[in-house]
Every structure is written in structure tokens, then in C-alpha cells.
Amino acid sequence: MTLPFDNSYARLPDRFFARQDPVPVRAPTLIALNRDLAGRLGLDPDWLASPAGVAMLAGNAPPAGSAPLAMAYAGHQFGGWSHSLGDGRAILLGEVVAPDGMRFDLQLKGAGQTPFSRRGDGRAWLGPVLREYLVSEAFAALGIPTTRALAAVTTGEVVVREASGRPGAILTRVAASHLRVGTFQYFAARDDVPALEVICNYLTERHYPQADTPLDLLRAVVARQADLIAHWMAVGFIHGVMNTDNMALSGETIDFGPCAFMDVYHPNTVFSSIDQYGRYAYANQPQIAAWNLAQFASCLLPLMGPEGPAIEAATDAVHGFAPLFQAEWLRRFGAKIGLANATEADRPLIEDLLSRMATERADFTRTFRGLATGQAAAEFIDPQAFEGWAPRWQARLADEFDPQTVMARANPVRIPRNHQIEAAIVAAVDGDFARFHRLGAALATPFDPAPEFADLEAAPRPEERVERTFCGT
Ligand code: AMP
Ligand code: MG
């Protein structure tokens, strides 16, 4: 089997990456293969599932035409600057060009040490691999821009995390690209203006061909992020590590580390065990995105002409994030309560519902879904809190043509809830992947009620709640 590789990133100058083959593993076993995605990419799923295919997915046999490398990048982690990060546990095999001409990165995550590994072992364990597989595929089914999961394998090796041995695993990630804010920061921090020019042109050609100038590019990146973060907010998603190295310039969601969907709604919700100060709490995500975009903007300044006007134009472009985000947020949350064309006049109605949900510990997903079925009130500790809101809402709905359909399309029935992911991981560590596969199947049709998945629509019982999530490291 020859894969349709065309590795444009590997043709960039040497200082953009380190050539690095994956480090072979002892006994690879296929856990999951995304046959639909394989088809989309023009790859033969039967070959991928064969011993030769699994050897590739495990990093034991880099395929003909690949150009394995670890990408260089820097970044702000929790606001603190890191001059050099880079792919420390991921290897970019190359780019495949799909039958429709779309170009995708094929990356093995957990494929061994690279020059960027610092003290890390370059590996991943099964938990974060399954988590990223489930959540990124759920995102795709929800219609949210995201990297994808093509396959997951176990390595037959043990990875030590928090003093205990865990099964090693590798995820094959598919992405529009792996360019990050941190990719630009890496060169900006080194005053490498020629490299910035190269990467700016590369990003433009690959993702924003309509942009004529770096300023156009900045505006387009800002717009895509505004759209993306509004998507996250509308499904109650908390990324958890919105470091600048984890913001993809393609506008896809990337790096599902300690991410989580909220059960009970509260704007200050944080899951990540390492986010001690709540920097990346649910409600902070728009401001953090804008902060990251300001870092991106500052990298582009050397390419934007005389400094004074450049700073002014770049600042304006970054300030464009808030109104774009607000408009997108209103559109999405408007749809969630059945409004096809919400206007600013509707914002207080939506905000009032959210504030009552927070006070009354209402489940985010079930409350919105329950609006259409008359079951929302039951999600509130005091149903009166909902009943006090509903009459104004119903009066407003009288102007709408088909609110039921609008709501059914905007409010998923099933999201990857933390406790379900944890249960799937616990079973998988014991060698039982049935829960993982069932959850994956249920999340492939998130908007369709399905009696056979009714248990997965439930909120966690108090003893099932998972309040903390951990990084993949
Ligand atoms: P992340 O938490 O995925 O955003 O990763 C932050 C940085 O740490 C990146 O440079 C990763 O490549 C690196 N890193 C994370 N885990 C490991 C690991 N197990 N071995 C080597 N490097 C790692
Ligand atoms: Mg990362």
C-alpha cells in the first residue's frame, strides 16, 4: 500500500523541525480504527487493520513517502514563557492528500522521544489516548472544528505515570495542520524574521489563501478562533490547557489533554488538576483566546511594516475578537433556546436562564435538551427557578417559525461525559474495550435520541462524578 504523501512542511528550512523516526514498540495491537475517516483520506481501512498497517500506526514501520519529523515550537504555558517546547512525544509522519484534494497531517502521538522531549519519555498511556480519540471524534460529530483520531494502538510496553505502570498507547492524529501560535512564537522569540516570513506564507497558502497580507491573515485567524470558542461554549466544553502551543492556527480544536464537558453548569468550572488558579475556567476561555491571539499578532508585527501603524492595526484586529465572539455566542445560544435569529434584545433572556442554571445546579446538556421536551425544569434543584423564567421565553417563541427543529439541531442529547470516559478507560486498562467502543458509537450521532443509549444521556450520580482531569503527560 502506498500512501498519498506530499510533505510540504518537511520541505521548509531545517530549523523548523528535527527529523526523527518514531521509536519502535514491542508488541503493537490495534484498539480502534476509524474506517470512515480512513475512507475520507483515501486510505484503505483493511490495509490499516492488517499487520503492516498496524506496524505503521505503531511507528514500527514508517511508510514509503513519509518524512517523519518533530515540529519546533515555543509557547506560553499558563501565562509563563517557554522558549522551546516542540513535539516531545509526537512525530509528524507527513501530509496525505485526500481524493478531494484536501491536505491532512498524519501524526503519531506517543511515538517516542525526540530532540524536544526534555525529561519526558516521549510516550503516552492508554487513558489520554482513548480520551482524545473519544472527544475529538465526538467533536467531529457535533460539527465542531477539530483534529481527528484515525487509530489507536497499544504498544505492549509499560509507561510509568505517577509512580504506577500503565499500558502504553499511540494515537494517530489527523489534522488540517499542526501549526500553532507557538510555532510563530518560536521564530519571533529568536528574531528570525526570514523564518517568520516563510511560516506566514506557509500558513496563508495552506489555510487562508484569500488573505493578501499578514494583517488579513491575522483577521482571518481571529475570526476562526471566535467561531471556534463560541462552539465550545455552546456545548459546555472546557479545553483545560489553552496554552499558546495548544492553539491551532487552522481553527481546529487541538490537544485534548485534561479537557472536559461540564455536567452541572457553572461559569467558573475547572477540571484540570494543573489549573490551580482557574486560568482556563469555562467562562475565561474567550478572554484567553484573545490573549493568545495577541501573542500571535505580536509575532506578525515584523512583517507588517512601520512599527507604529502595525501595532495599531494588529491591536484593532485582535480587538475584533470580542464582537465576533459575542455575535457567534448569541447566535448559538439563541438557537439553543429555539431562536433562529436571536438579536441583542434576546441576550438577557439567555443570560437569565444561565444564571438560574448556575444557582440551581442544572445540568448544562440536559437542561437545554429538555427545553424542547418539557423536561428542563426537572434539572433545577428548585424547579420554580425555571418556571420563573419560562413564561418570557414562551412569549418570545411565539414569534418563531419552527423552534423545535432549531433546538433539536443546537442541543445534543449525548456528549462525552467525564464519568463515562473514565469508566471506559478503567475497563480498557483491564483489557475490556467494549465500553470504549459503545461510547464511541453513541457519540457518533449526538443529536439523535436513541433508546439503546438512554443510560449515556444521564447525568452522573453523585458518586460517579469526576471533578478532576489530568494531562496526557
Ligand atoms: P502538552 O501538555 O501536550 O501541551 O505538551 C506540552 C509540551 O510537553 C510539548 O512540548 C510536549 O511535546 C511535551 N510533552 C508532553 N508529554 C511528554 C512526554 N511524555 N514526553 C516528552 N515530551 C512531552
Ligand atoms: Mg500540546
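Residues numbered from 1 in each chain as written. Chains lettered and ligands numbered in written order. Predicted model: local features only at pLDDT ≥ 70, side-chain atom pairs only at ≥ 80, totals over all residues. Heavy atoms only, no water.

Peer 1: Is there a simple way to think about the overall build of the chain in this case?
Peer 2: A tally of regular secondary structure across the chain gives 17 helices and 12 strands. Over its C-alpha trace the chain gives a radius of gyration of 22 Å, about what one expects of a compact globule, namely 23 Å for 473 residues. Over its C-alpha atoms, taken along the principal directions, the chain stretches across nearly 65 × 60 × 45 Å. The contacts in the chain between residues at least 6 apart in sequence include a share of 72% that link residues at least 24 apart. For the chain, the computed accessible surface area is about 18,600 Å², with 54% contributed by carbon and sulfur atoms. (Helix = DSSP H or I, 4+ residues; strand = E, 2+ residues; numbered from the N terminus. Rg over C-alpha atoms; globule rule 2.2 N^0.38 Å. Contact = heavy atoms within 4.5 Å. Areas by Shrake-Rupley, 256 points an atom, 1.4 Å probe, with all protein chains shown as cover.)

Peer 1: Please explain the packing of helix α11 (residues 347-359) against helix α14 (residues 390-397) as it appears in this structure.
Peer 2: Packed helices, taken two at a time, are described by their axes: the angle between them and the distance between them. The geometry of α11 relative to α14 is characterised by a closest axis approach of 11 Å and an angle of 150 degrees between their N-to-C directions. In this structure, the crossing between α11 and α14 has a hand that is left-handed. In this structure, α11 contributes Leu349, Asp352 and Arg356 to the contact, and α14 contributes Arg392, Trp393 and Arg396. Across the contact of α11 with α14, the residue classes tally to two nonpolar, no polar and four charged. (Axes fitted to C-alpha atoms, helices over the stretch in contact; angles between N-to-C directions. Left-handed = near helix turned anticlockwise from the far one by under 90°. Nonpolar A, V, L, I, M, F, W, Y, C, P; charged D, E, K, R; others polar.)

Peer 1: Explain the environment of Arg331 here, please?
Peer 2: Assignment of secondary structure puts Arg331 in helix α10 (residues 321-336). Sequence spacing of Arg331 and Ala230 is 101 residues, and the spatial spacing of their C-alpha atoms is 9.1 Å. There is a polar contact of 2.8 Å between the side chain of Arg331 and the side chain of Glu328. (Polar contact = N/O pair within 3.5 Å; in protein donor to acceptor, adjacent residues only side chain to side chain.)

Peer 1: I'm lost on the side chain of Asn411 in this one. Help?
Peer 2: Position of Asn411 relative to the elements: it lies in the loop between α15 (403-410) and α16 (418-429). Of note is the side chain of Asn411, whose polar atom sits 2.9 Å from the side chain of Lys336. Here the side chain of Asn411 touches Phe368 through a polar contact of 3.4 Å, landing on its backbone oxygen. Setting aside chain neighbours within four positions, we find Asn411 in contact with Lys336, Phe368, Arg369 and Phe447.

Peer 1: Honestly, the coordination of the magnesium ion (ligand 2) in this entry has me stumped. Any pointers?
Peer 2: The magnesium ion (ligand 2) binds to the protein through Asn246 (OD1) and Asp255 (OD), with metal-donor distances spanning 2.0 to 2.2 Å. We classify Asp255 as buried; its relative accessible area is 12%. (Donors = N, O, S within 2.8 Å, 3.2 Å for Na, K, Ca; no water. Buried < 20%, exposed > 50% of the residue type's maximum accessible area, 1.4 Å probe, protein only.)

Peer 1: What exactly am I supposed to notice about the pairing of strand β6 (residues 90-97) here?
Peer 2: If a strand is regular, its side chains alternate between the two faces of the sheet. Burial analysis of β6 places seven of its eight residues in the buried class, the great majority of the element. In the sheet, β6 pairs with strand β7 (residues 103-109) via seven bridges, with the strands oriented antiparallel. Looking across to β7, one finds that Leu92 is bridged to Gln107. Two successive antiparallel strands, β6 and β7, enclose a turn made up of five residues, where Gly101 displays a positive phi of approximately 90 degrees. (Pairing = 2+ DSSP bridges.)

Peer 1: Would you mind going over the packing of aromatic side chains with me for this structure?
Peer 2: Aromatic ring pairs are described here by two measures, namely the spacing of the ring centres and the angle between the planes. Within this structure, the stated rule accounts for 24 aromatic pairs. Among the aromatic residues, ring-to-ring pairing joins Tyr9, Phe16, Phe17, Tyr186, Phe187 and Tyr202 into one connected group. Just above the ring of Tyr73 sits the side chain of Arg180; from NZ or CZ to the centre is 4.3 Å. Lying over the aromatic face of Phe368, Lys336 brings its terminal NZ or CZ to 4.8 Å of the ring centre. (Phe/Tyr/Trp six-rings, centres within 6.5 Å; stacked < 30°, edge-to-face > 60°. Lys NZ or Arg CZ within 6 Å of the ring centre and 35° of its normal.)

Peer 1: I keep staring at helix α7 (residues 214-234) and nothing clicks. Help me out?
Peer 2: Within an α-helix, residues lying three or four positions from one another point in the same direction, as the helix has 3.6 residues per turn. Taking 1.5 Å as the rise per residue, α7 with 21 residues should run 30 Å; its terminal C-alpha atoms sit 30 Å apart, in good agreement. Most of α7 sits out of view: 16 of its 21 residues are buried. Trailing α7 by a residue or two, Gly236 shows a phi angle of about 70 degrees, which is positive. (Expected span 1.5 Å × (residues − 1).)

Peer 1: I tried to follow the nonpolar core on my own but got confused; where do I start?
Peer 2: If you look at soluble globular proteins, the nonpolar side chains tend to sit buried side by side. In terms of nonpolar packing, the biggest core is built from 128 residues, with Tyr9, Phe184, Phe296, Phe333, Ile337, Leu371 and Phe386 touching the most fellow members. Looking at which element gives the most residues to this core, the answer is α7, with 13 residues. Domain assignment of the residues forming this core places at least three in each of domain 1 (9-175) and domain 2 (330-410). Sequence-distant contacts of Leu371, that is, excluding residues within four places in its chain, are made with Lys336, Ile337, Leu353, Ala376, Phe386, Trp389, Trp393 and Met407. Ranked by size, the runner-up nonpolar core spans 27 residues in total, among them Leu3, Met56, Ala58 and Leu108. (Core = buried A, V, L, I, M, F, W, Y, C linked by side-chain atoms within 4.5 Å. Domains from an automatic or database assignment.)

Peer 1: Help me understand the pattern of salt bridges in this model?
Peer 2: When the charged atoms of two side chains lie near each other, side chains of opposite charge can form a pair. All chains considered together, the criterion is met by 34 salt bridges. A salt bridge links Glu137 to Arg148; its shortest N-O distance comes to 2.7 Å. Here the residue Glu137 occupies a position in helix α4 (residues 126-142), and Arg148 occupies one in strand β9 (residues 148-161), the gap between them amounting to 11 residues. Residue Arg438 is joined to Asp455 by a salt bridge in which the shortest nitrogen-to-oxygen separation is 2.7 Å. Residue Arg438 is found in helix α17 (residues 434-443), and its partner Asp455 is found in the segment after α17; the two are separated by 17 residues along the sequence. If you follow the salt bridges from partner to partner, you end up with Asp6, Arg11, Glu95, Arg103, Asp105 and Arg206 in one network. (Salt bridge = Lys/Arg side-chain N within 4 Å of Asp/Glu carboxyl O.)

Peer 1: Sorry if this is basic, but what is going on with α4 here?
Peer 2: Here α4 is 17 residues long and its end C-alpha atoms lie 24 Å apart, about the 24 Å a rise of 1.5 Å per residue gives. Within α4, 15 of the 17 residues are buried, which leaves it mostly tucked inside the rest of the structure. One or two steps after α4, the chain reaches Gly143, where phi turns positive at roughly 85 degrees.

Peer 1: Mind showing me how you'd approach the pairing of β9 here?
Peer 2: As paired strands, strand β2 (residues 29-33) and β9 are joined by four bridges and run antiparallel to one another. Paired with Ala32 across the two strands is Ala152, which belongs to β9.

Peer 1: Whenever I open this one, the environment of Phe187 confuses me. Can you help?
Peer 2: With respect to the element layout, Phe187 can be found in helix α5 (residues 181-188). Classification of Phe187 as buried rests on a relative accessible area of 1%. Residues Phe187 and His83, 104 residues apart in the sequence, show an inter-C-alpha distance of 9.7 Å. Residues within four places of Phe187 in sequence aside, it is in contact with Arg15, Phe16, Asp192, Ala195 and Leu196.

Peer 1: Just to check I follow, could you spell out the environment of Ser164 for this structure?
Peer 2: Take Ser164: it is sitting in strand β10 (residues 164-175). Side-chain polar atoms of Ser164 contact the side chain of Arg166, separated by 3.0 Å.

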